[in-house]
Structure formats: structure tokens, C-alpha cells
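Architecture and fold: a report
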Amino acid sequence: GQTTAPVLQSLVSVESSEDPLNAMTTPNSDWDHYYKDEELREEIHKDVMRTYASFSFFMQRVRNPSVASPPLREKNNSQKNKEEKQQGETREKNNKKAAEGAAAADGAGVTPGDQAKDTAEPKEDTEAAAPKKETAQATPEKKLRGMPSLSETHHDVIQRILFIYAKLNPGVRYVQGMNEILAPIYFTFAQDPNPSFKIHAEADAFFCFSNLMTEIRDRFVRELDCTSAGIIAAVKDLNDLLQKVDPKLHSHLRTLNIDPRFYAFRWLTLLLSQEFELPDTLRLWDSLFADEKRFDYLTYCCVSMLYLYRDRLLAGGFAEGLRMLQDYPPTDLTKILACASYLIEHVKFELQTANGQQLVMPIDLDKHLGLEGRRRKR
């Protein structure tokens, strides 16, 4: 009884913050943080597993390029040759000792059993050298500590990047859709043909993703939706540009009660990454990030997407139009980029000379895109 009393007292004196059952009633405790982190990991996991689900790359295991890179292979081969040379020298020494022992046995009258015992003793040196071989071969693997595990998939790496970003940016944390922004960035670095660059794909992707998020993170924060930097302002810019470029289409969509937020919210937040296949997304982002006013360029691309299907939108109703805009049809990306470039060059000029008046879409754009004949036939 005397020995158990201190134990019971220590159990009673345990702070409630250290009890995992009190995590919900004790905010900011270690267990509270733990459970919140687990919830965050689960949320990220669900979204990441849906990212480019039809693209097998992200489900493949990470192959650390340093393991198979030519410099390391050469080093492994040289190490192996060195070990074989050492083993050969050891065998020669053992054979020499065995020969000397046999000669001495003839002169001293040693029995064959004793001679076998003596010649067997050097075997211990050979057997003792075996573990050294395993250790030497494992040495290059030790250098891979801190690198992605060979059993990880690319999905796992993306999950880790998003979790670390959320922890480092508590004001933004993780919002659904960030996985769609990160995936093309990580894919680009993970496919680098240079092994010395490819090995740092995770770190490079995290750095570039963090830099990009500094420019678009306000679009992921709900409290900032109605500010000048929020997503609502970006949608309004797109709608205003459509009205200036094509008043008829703008008026038709408004009559159908197709709110631009129904489709443009995703377009502008995810930089059109869900509207195209991954190769087209990478090509689009090349043009997008190369432009100093990249988000103006994005707005022009979105208006171009509307214009290219202008006829179908004008001929259809609410259901057909909304379905098409929320599931954009497969389209030649070069036409979208050509249309956006034309609008940037000509509409800006028109805006400066029109004194703020609404603009009618110039017929030259049809000719520029090769659509003039098709529209006349209709």
C-alpha cells in the first residue's frame, strides 16, 4: 500500500492537457494539436488521391535518382572492385599460410587433423571480412537519409509539401484546390532529365509553390473574397472584360442567369489547371508565368475560352451552357492562346481610344482565328 500511494498520486496529479481524452476541452494542448494535424493530413490525403487520378505518374513510387545516377554507379563499381581486390589479397595470404603450414607439418610430424584445424583458422578472417562488405555496400545508401523513401509514391510527396505549407502558413493553411496548383509544379521538377536536379524535386517544388501562393493565396481565403484582392474581384474583372469584348454574349449569359461565379471561380482560382490535361496545363502555364501581368493574361484566356464557343452558348439554354462551362470541351490550346494574345494587343488599344465606351467585337478576330467562314455558314 505504501508503494502504490505515490504512483496513484502521480496519476491524479497529471495535468488534464496531457490526457488525450481531454483534447476537445483543452484547446492548444499537445493532444489538441496532434488531432488537428491528423485531420489536416486526412483532408489533404483525400484531395491529393483525386489529383490527376487518370495520370499514372503520381501513383508510381519515387525513384531516387541518386541511387541510379552514373556518378554513384561508378563509385559503387570502384568500391566493389576495391573489395574484390582486398578479398583476393586475403585469399593469397591464406593460401600462402596454408602452404607454409603444410611444409612445416611435414617436418614436425603434425597430424592431418591438426593441419586441417590450423588451415581452417584463417577462414575466420575471410568470414569476418564478409560483414565489412555489406557495410561498405550500404554506405552510399546512408547518404540518402532525408531523401524520399524508396517506398513512397509521388502522391505521398505532394501530401507532405501541402502539410508543411499549411503548418508554416497558419493564416492560409490548406484549402481544397491547392493540390491542383502544386501537382503540375512538382511533376515538372520530378521529370527533370538531369539527375542532379531531379533529386531535389520536392524542395524545388515546395519553394516554387510557396512563391506562387504569395501571389494567389488571397483567392483561397474566404474572408478576403469580397476585397480587391479576393476571388470575387477577379471574377468581376473577367465579367467586365467579356462585356467590353462581346456585349451580346455577355447579355445572353446574364439573361440565362448563368452567374460567372458558377464557372469562373474555379477557372481563376486553380489557374485553369482542371480544365485541361496536364500537358496542356504546363503549356498554358509557360505562357502565363512568362507574362509580367500574368493574372491579366489569365483573364484574357478565360474570355477567349468563352468566345471560342460563342455560337454554342448563344444557341443553347441554361442547362447546356452551364454544363459546357463547368466541363469545358477538349480544345486546341493554341487557339485559346492566339485569341488571348490578340485581345491583349488590340482590345487594350481599343480601350485607350474608346474613352471607356463599350466595345463591339471586331470581325478581325474571327479572321485571325480562322473562324470567319464557319460562322457565316451558320
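Residues numbered from 1 in each chain as written. Predicted model: local features only at pLDDT ≥ 70, side-chain atom pairs only at ≥ 80, totals over all residues. Heavy atoms only, no water.

Moving on, we get to the overall build of the protein chain. For the protein chain, the count of helices and strands is 20 helices and zero strands. Per-residue burial over the protein chain gives 38% buried out of 378 residues. In the protein chain, 71% of the contacts between residues at least 6 apart in sequence involve partners at least 24 apart. Carbon and sulfur atoms make up 52% of the accessible area of the protein chain, which amounts to about 23,000 Å² in all. (Helix = DSSP H or I, 4+ residues; strand = E, 2+ residues; numbered from the N terminus. Buried < 20%, exposed > 50% of the residue type's maximum accessible area, 1.4 Å probe, protein only. Contact = heavy atoms within 4.5 Å. Areas by Shrake-Rupley, 256 points an atom, 1.4 Å probe, with all protein chains shown as cover.)

What follows covers helix 12 (residues 247–255). Turning to helix 12, its buried residues are Leu249, His250, His252 and Leu253. Angular distribution of buried residues about the axis of helix 12 spans 165 degrees; they occupy a single face of the element. Across helix 12 from its buried face, at more than 90 degrees, point the exposed residues Lys248, Arg254 and Thr255. Against helix 11 (231–245), helix 13 (261–269), helix 15 (294–308) and helix 16 (310–315) lie the buried residues of helix 12. (Arc of directions from axis to C-beta.)

Running from N to C, helix 7 (residues 154–168) and helix 10 (residues 201–216) point in directions that differ by 45 degrees, and their axes come no closer than 10 Å. As far as their axial angle goes, helix 10 and helix 7 are oblique. Relative to helix 10, the crossing made by helix 7 is right-handed. Every residue of helix 10 that contacts helix 7 at Val157, Arg160, Ile161, Leu162, Ile164, Tyr165 and Leu168 is listed here: Glu202, Ala205, Phe206, Phe209, Ser210 and Met213. (Axes fitted to C-alpha atoms, helices over the stretch in contact; angles between N-to-C directions. Parallel < 35°, antiparallel > 145°, perpendicular 65-115°, else oblique. Left-handed = near helix turned anticlockwise from the far one by under 90°.)

With that settled, the discussion passes to unusual backbone geometry. At Asn257, a residue that is not glycine, the phi angle is positive and equals roughly 65 degrees. Of note, Leu271 is a non-glycine position whose phi angle comes to about 55 degrees, a positive value. One can find Leu271 in the loop between helix 13 and helix 14 (278–290). Judged by relative accessible area, Leu271 falls into the buried class, the value being 0%.

A few words on the packing of aromatic side chains. Tallied over the entire structure, the rule returns 16 aromatic pairs. When the centroid spacing of 6.1 Å and the interplanar angle of 50 degrees are considered together, the rings of Phe55 and Phe58 count as tilted. Given a relative accessible area of 0%, Phe58 falls into the buried group. Between Trp267 and Tyr328, the ring centres sit 6.0 Å apart and the planes meet at 90 degrees, which makes this aromatic pair edge-to-face. Taken together, the residues Trp267 in helix 13 and Tyr328 in the loop between helix 17 (318–326) and helix 18 (333–353) connect sequence positions 61 residues apart. Residue classification places Tyr328 among the buried positions, given a relative accessible area of 5%. Aromatic rings pair up to connect Tyr52, Phe55, Phe57, Phe58, Tyr186 and Phe187 into one cluster. Directly above the ring of Phe163 sits Arg41, whose terminal nitrogen or CZ lies 4.1 Å from the centroid. (Phe/Tyr/Trp six-rings, centres within 6.5 Å; stacked < 30°, edge-to-face > 60°. Lys NZ or Arg CZ within 6 Å of the ring centre and 35° of its normal.)

Here the protein chain averages 77 in pLDDT, and 65% of its residues register 70 or above. This stretch, residues 116–146, has a pLDDT under 50; its non-local contacts, to residues over four places away or in other chains, come to 16 contacts. In this model, residues 349–366 is a region of pLDDT below 50 whose contacts with residues beyond four sequence positions or in other chains number 28 contacts. (pLDDT = per-residue confidence, 0-100.)

On to the pattern of salt bridges. Taken as a whole and assessed by the stated rule, the structure comprises 11 salt bridges. Here Asp240 and Lys236 are joined by a salt bridge, their closest N and O atoms 2.8 Å apart. Remark: Lys236 and Asp240 occur in helix 11; sequence separation between them is four residues, near one turn of the helix. Between Arg261 and Asp259 there is a salt bridge, with its nearest N and O atoms 2.8 Å apart. By relative accessible area, Arg261 is classed as partly exposed at 47%. (Salt bridge = Lys/Arg side-chain N within 4 Å of Asp/Glu carboxyl O.)

Taken together, the side chains of Trp31, Tyr34 and Tyr35 present a nonpolar region at the surface, about 290 Å² in accessible area. By the secondary structure assignment, Tyr34 is in helix 2 (residues 30–49). Residue Tyr34 is classed as partly exposed on the basis of its relative accessible area of 41%. (Patch = residues over 30% accessible without salt bridge, like charges linked within 9 Å, V, L, I, M, F, W, Y side chains within 5 Å.)

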